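Residue-level listing of the chains:
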Amino acid sequence: MRHTDWDELEAPVRLAIEARMGRVRSARTVSTGLNSQLAVVLDTSAGWVFVKGLRADHPGVRQGREAMINPYVHAVAPQLQWHDQAAGWDLLAFEYIDGARHADYRPGSPDLPRVISAMHDLAAVNCPDLPVKQAQQRWAAYVDHEADLNLLDGDALLHTDFNPLNILLGPDRVWIIDWAWPTRGAAFIDAACFLIRVMAAGHSASQAEALAARCPGWQQAPSAAIDVFALASARLYDEIARQDPQPFKQCLASVAQAWVRHRHTRPRS
């Protein structure tokens, strides 16, 4: 998704942001990120802030979900300062995390234990009584039998998108960002979502499962539940890659299929 620079924004949008933050002294577009038309770091009279947004009529608008869940995930996520709809845009403003970088998931990366530790911090957060998606809803179209969907049920608060771009690392803290898909479900699901991403970064299925085994919920999950989720993920990513065959989407589809093959050929106890 092409990012809109600050100077390209319509004047009413800039004025709406400055009404919240004061005069903007400087602006820098964030080049990473896939799902926001606007992603800017602003130096304002009120301090530094990160603002992201989409046009309000964009089919991918999910800012309301992030605004809804943010008060409950401050232990692992940057704090939301405000949420506003202005001049045809849906905007979110977050505290700016200075000096942070995105995670490196490649084999041997020292970031991996830190990400897993942040996942444990998230697991300690109770899922609030909010209208978040249910895992059984999210993956229903990719599961053969209704009974299998019950294996995805649970009370854990899940992030479900462990793209390394959604992990920020500072010297002493890790933040999980982009909460567009907060979900209630079985605790192992986040570990499985992380597993697919580390496979895309170069890990084998066996190596990725060893990392997942250090994440919350994995050790307690029935093998059948993991099998169901692996197959559902492969079908989902295959659908995504067929609809929009960008290389990174094809990569995710390929590694998800490789994980399913690994699950089918592993020794059974």
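To keep things clear, this report deals only with the structure shown in the data block. Because the structure is predicted, anything quoted here is derived from the model rather than measured.

## As for the packing of aromatic side chains
Tallied over the entire structure, the rule returns six aromatic pairs. Between the aromatic rings of Tyr105 and Phe194, the centroid separation amounts to 5.3 Å while the plane-to-plane angle is 85°, which identifies the pairing as edge-to-face. Here the residue Tyr105 occupies a position in the loop between β6 (101-102) and α3 (111-123), and Phe194 occupies one in helix α6 (residues 188-200), the gap between them amounting to 89 residues. With respect to class, Tyr105 is no different from Phe194; both count as buried. Geometry around Trp181 places Arg65 over its ring, the cationic atom sitting 4.2 Å from the centre.

## A few points about the packing of α6 against helix α7 (residues 205-212)
It is the contact of α6 with α7, at a shortest axis distance of 9 Å, that shows an interaxial angle of 145°. Between α6 and α7 the crossing geometry is right-handed. On α7, the residues touching Ala191, Phe194, Leu195, Val198 and Met199 of α6 are Ala205, Ala208, Glu209, Leu211 and Ala212. Taken together, the residues of the contact of α6 with α7 break down into nine nonpolar, no polar and one charged.

## Quick notes on the side chain of His203
The residue His203 is located in the loop between α6 and α7 in this model. For His203, the side chain forms a polar contact with the main-chain oxygen of Val198, separated by 2.9 Å. In this structure, His203 is in contact with Tyr105, Arg106, Pro107, Leu112, Val198, Ala208 and Leu211, ignoring residues within four places of it in sequence.

## Considering the sheet that holds strand β9 (residues 167-169)
Read from one edge to the other, the open sheet built from three strands follows the order β6-β9-β10, with strand pairing classed as antiparallel. Each edge of the sheet is formed by a strand with only one pairing partner; in this case those strands are β6 and β10 (174-176). Pairing of β9 with β10, which is carried by three bridges, proceeds in the antiparallel orientation. Bridge pairing in β10 places Leu169 opposite Val174. Sheet strands touched by α3: β6, β9 and β10. Its angle to β10, the strand with the most contacts, is close to 60°.

## Examining the pattern of salt bridges
In this structure the tally under the stated criterion is 13 salt bridges. The closest approach of N and O atoms between Arg25 and Asp43, which form a salt bridge, is 3.2 Å. In this pair, Arg25 is assigned in strand β1 (residues 24-29) and Asp43 in strand β2 (residues 38-44), connecting sequence segments 18 residues apart. Given the relative accessible area of 47%, Arg25 is considered partly exposed. Residue classification places Asp43 among the buried positions, given a relative accessible area of 15%. Lys249 is the salt-bridge partner of Asp244, the closest N and O atoms lying 2.7 Å from each other.

Criteria and thresholds
- Note on numbering: residues in each chain are counted from 1, in written sequence order.
- Only residues with pLDDT of at least 70 are given local features in this predicted model, and only at 80 or more are side-chain atom pairs given and counted; all residues enter the totals for whole chains, interfaces and linings.
- As a rule here, side-chain values come from all non-hydrogen atoms in the structure, and water together with hydrogens is ignored.
- Here a Phe, Tyr or Trp ring, Trp counted by its six-membered ring, pairs with any other such ring whose centre lies within 6.5 Å, and the pair is stacked when the planes are under 30 degrees apart, edge-to-face when over 60, and tilted otherwise.
- Helix numbers and strand numbers start at the N terminus; a helix is a DSSP run of H or I with at least 4 residues, a strand a run of E with at least 2.
- Exposure is judged per residue with a 1.4 Å probe applied to protein chains only, and the accessible area is read against the type maximum: over 50% gives exposed, under 20% gives buried, and values in between give partly exposed.
- Whether a charge sits over a ring comes down to the Lys NZ or Arg CZ being within 6 Å of the ring centre and within 35 degrees of the ring normal.
- Throughout, an axis means a line fitted to C-alpha atoms (over the contacting stretch in the case of helices), and angles, computed between N-to-C directions, take values from 0 to 180 degrees.
- Throughout, a crossing is termed right-handed when the near helix is turned clockwise from the far one, and left-handed when it is turned anticlockwise from it by less than a right angle.
- Contacts were defined at the residue level, with two residues in contact if any of their heavy atoms lie within 4.5 Å.
- When residues are sorted by character, Ala, Val, Leu, Ile, Met, Phe, Trp, Tyr, Cys and Pro go into the nonpolar class, Asp, Glu, Lys and Arg into the charged class, and all the rest, Gly among them, into the polar class.
- Nitrogen and oxygen atoms within 3.5 Å of one another constitute a polar contact, given that in protein one can donate a hydrogen and the other can accept it, and given that sequence-neighbouring residues count only through two side-chain atoms.
- Paired strands, in this sense, are two strands between which DSSP finds at least two bridges.
- Here, a salt bridge means any Lys or Arg side-chain nitrogen found within 4 Å of an Asp or Glu carboxyl oxygen.

Take it as geometry only, folks, not as evidence of what the structure does.
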